[in-house]
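# Structural overview
One letter stands for each residue in the lines below.
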Amino acid sequence: MFGGVFGGGSQKPAGQMAPGGMGGGMGQAQMDPNAQLAAAEQEMEMVTDMFARLGDLCYRKCLIQRYSDEELTKAESVCTDRCVAKYFQVNREVSEKLAKLSQTN
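Identification of the protein as Protein transporter tim10 from Coemansia linderi is taken from an unreviewed UniProt entry.

Following this line, the structure appears as structure tokens:
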């Protein structure tokens with residue numbers, strides 16, 4: 001899902017280039033510019049949505065709703081760091097499993 005951005009492995013079909021024109025193999029067919037733009041826009045929407053969900057989830061889980069200080073407490077900072085790390089780990093693992101399933105089908 002976010003393999004091109006977060007290193008989870010690309011799920012692009014063979015013969016297609018990643019958005020931005022960096023397809024990786026010399027023999028791959030080039031996508032037309034409109035298809036590249038559409039793929040880049042779709043990936044940008046997915047990344048934006050993921051960051052919005054990540055921010056909302058970790059904010060609700062980790063940040064105290066009574067703001068007594070303008071800085072994060074140590075507990076809030078540690079919780080947020082762990083929350084983000086776990087979110088990306090799970091996202092990567094799910095992406096890898098989906099890629100394996102799509103390759104076997």
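We are not done yet, so read on.
### Structural notes on helix α3 (residues 74-104)
Look at α3: 45 Å from first C-alpha to last across 31 residues, which is about the 45 Å you get at 1.5 Å a residue. When α3 is considered as a whole, its buried residues turn out to be Glu-76, Cys-83, Tyr-87, Asn-91, Ser-95 and Ala-99. Where α3 is buried, its residues contact α2 (33-62).

### A word on the state of the cysteines
Evaluated as defined, the whole model comprises 2 disulfides. In this model, Cys-58 is linked to Cys-83 through a disulfide, with the two sulfur atoms separated by 2.0 Å. Torsion about the S-S bond of the Cys-58 and Cys-83 cystine: about -90°, corresponding to left-handed handedness. Highlighted residues: Cys-58 in helix α2 and Cys-83 in helix α3, separated in sequence by 25 residues. Note on Cys-58: relative accessible area 4%, which makes it buried. For Cys-83, a relative accessible area of 6% translates into the label buried. Between the sulfur of Cys-62 and that of Cys-79 lies a disulfide, 2.1 Å long from S to S. When the S-S torsion is -65°, as for the bridge of Cys-62 with Cys-79, the disulfide is left-handed. Residue Cys-62 is located in helix α2, and its partner Cys-79 is located in helix α3; the two are separated by 17 residues in the primary sequence. Residue classification places Cys-62 among the buried residues on the basis of a relative accessible area of 8%. Residue classification places Cys-79 among the partly exposed residues on the basis of a relative accessible area of 23%. Assigning the bonded cysteines of the protein consecutive numbers by sequence position, one obtains the connectivity 1-4, 2-3.

Definitions and cut-offs
Residues numbered from 1 in each chain as written. Predicted model: local features only at pLDDT ≥ 70, side-chain atom pairs only at ≥ 80, totals over all residues. Heavy atoms only, no water. Helix = DSSP H or I, 4+ residues; strand = E, 2+ residues; numbered from the N terminus. Expected span 1.5 Å × (residues − 1). Buried < 20%, exposed > 50% of the residue type's maximum accessible area, 1.4 Å probe, protein only. Contact = heavy atoms within 4.5 Å. Disulfide = S-S within 2.5 Å.

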